[in-house]
Amino acid sequence: MNRNAATRFAILPLALIAAVVAVGCGSSDTGGSGDGKSLTIYSGRDEEYVGPLIETFKQENPGTEVDVRYGDSAELAATIREEGGQTPAGIFFSQDAGALGALQEAKLLKQLPSSILDRVPSAFRSAQGDWVGTSGRVRVLGYDSRSLAPSELPKSVFDLTEPRWKGKVGWAPANASFQSFVTAMRLTEGEAKTKEWLEQMKANGTRSYEKNGIIRDAIADGEIEVGLINHYYVLEAIKEGEADGDTYPVKIHFFTDGDAGTLINVAGVGIPEASKQQKAAEEFASFLLADPQQRYFAKETGEYPLVKGIPQDPSLPPLSSIKQPQLDLSDLSDLQGTQELLQETGVL
Ligand SMILES: [Fe+2]
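Cut-offs and rules
Residues numbered from 1 in each chain as written. Predicted model: local features only at pLDDT ≥ 70, side-chain atom pairs only at ≥ 80, totals over all residues. Helix = DSSP H or I, 4+ residues; strand = E, 2+ residues; numbered from the N terminus. Buried ≥ 20, exposed ≤ 12 C-beta atoms within 10 Å, placed from the backbone. Contact = placed C-beta atoms within 7 Å. Core = buried A, V, L, I, M, F, W, Y, C linked by C-beta atoms within 7 Å. Domains from an automatic or database assignment. Pairing = 2+ DSSP bridges. Expected span 1.5 Å × (residues − 1). Axes fitted to C-alpha atoms, helices over the stretch in contact; angles between N-to-C directions. Parallel < 35°, antiparallel > 145°, perpendicular 65-115°, else oblique. Left-handed = near helix turned anticlockwise from the far one by under 90°. Nonpolar A, V, L, I, M, F, W, Y, C, P; charged D, E, K, R; others polar.

Caption draft 1: Seen up close, the overall build of the chain. Of regular secondary structure, the chain possesses 13 helices and 10 strands. Counting the 348 residues in the chain, one finds 45% classified as buried. Taking the contacts inside the chain whose residues are at least 6 apart along the sequence as the reference set, 77% of them involve residues at least 24 apart.

Caption draft 2: View of the nonpolar core. Within the largest apolar cluster, 84 residues are counted, with the highest numbers of intra-cluster contacts made by Ile91, Phe92, Phe284 and Ala285. Three or more residues apiece are contributed to this core by two domains, here domain 1 (2–136 + 264–312) and domain 2 (138–263 + 335–344). When near neighbours in sequence (up to four residues on either side) are disregarded, Phe284 contacts Leu39, Ile41, Phe57 and Ile91.

Caption draft 3: Examining the pairing of strand E9 (residues 264–270) more closely. With seven of its seven residues buried, E9 lies for the most part within the structure. With burial as the criterion, each face of E9 is covered, one bearing Ile264, Val266, Gly268 and Gly270 and the other bearing Asn265, Ala267 and Val269. As judged from the three bridges shared by strand E3 (residues 91–94) and E9, these two strands associate in the antiparallel manner. In the sheet register, Phe93 faces E9, and the bridge partner there is Val269. Sheet topology places strand E4 (residues 132–144) next to E9; six bridges connect them, and they run antiparallel. Within E9, the position partnered with Gly136 by the bridge is Val266.

Caption draft 4: Region of interest: helix H11 (residues 278–289). Across its 12 residues, H11 extends 17 Å between first and last C-alpha, which sits within 8% of the 16 Å expected from 1.5 Å per residue. Looking at H11, one finds that the buried residues are Ala280, Ala281, Glu282, Phe284, Ala285, Leu288 and Leu289.

Caption draft 5: Region of interest: the packing of helix H9 (residues 212–220) against helix H10 (residues 232–240). Contact geometry of H9 with H10 gives a least axis separation of 10 Å together with a crossing angle of 65°. It follows that H9 is roughly perpendicular to H10 by the angle criterion. As for how H9 packs across H10, the hand of that crossing is right-handed. Residue-level contacts link Asn212, Gly213 and Arg216 of H9 to Tyr233, Val234 and Ala237 of H10. Residues belonging to the contact of H9 with H10 are distributed by class as follows: three nonpolar, two polar and one charged.

Caption draft 6: The arrangement of the environment of Gly309 in detail. Within the fold, Gly309 resides in the loop between strand E10 (304–305) and helix H13 (335–344). In this structure Gly309 comes out as exposed when scored by C-beta crowding, with 7 C-beta atoms within 10 Å. For the pair Gly309 and Gln294, spaced 15 residues apart in sequence, the C-alpha separation works out to 9.9 Å.

As structure tokens, then:
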């Protein structure tokens, strides 16, 4: 991994080196023109969801020049690795814990102060103190409440291989949240059982979709009965559509007993070891964990706030009542192993 990164850095094209140097000039806490600070955010979260938050941060910190690079979380983590000591990234805002875990494993994140870490329960931050969750997202089963009563729903994600569900289930094998869930299953149930599940799901005619939102719409259209999605997609449809929560046909179901299908993943932040913007980065991390921003996640993105005392959307069960699988979220880092397994089984 390190050798690979070093090799790649050695062959960086001149143009990129020039760009890195140019960004580097204005990126230190004290350097640059005037008395301002700079913060370069590598964001694996979409602008649609976090753009408004970043605007608020800018307004509250007029002396800080903020620059955002949006991209896929896993790819941005790989970029930080490749850029090594030259990374312009002041902070990494990841959509999932796995990408943060991968940087932690490579020892490429700085220790965060306890004033930031202590804002969230220990399950939702790095055990080593170098990344922190900022909002929670739960894997659930979306279902068609017109055709299914709650009593008919499967207790475990493993039940979806039964004949009852043949051709009725949707999943999104290329989606990052789906892949993190498969990684969780590999960790909690082992490689062999996960492989068998993937093969049986495929044999049971599980239908592939590009992403969570499309699965949700396929359930609403009656094309499939159930689908593996993140919890907030249903809230999003209710918020954007005409229907209210009572009339919208897609409901969400949480599996019981530590099922990998009910993984609680987090979006979160970590400060690259090579960040030259530590102060501004810590200010941004504190900002995301302050009460107003935690309320923003609950209200605007339908995610779970992670800070104590901030209520989640009233239609959702409390996070503490969800029986998540026992695992260290940093261990979701082996995305490559999961992608290989998905390819080997022909799911991807
Ligand atoms: Fe999403």
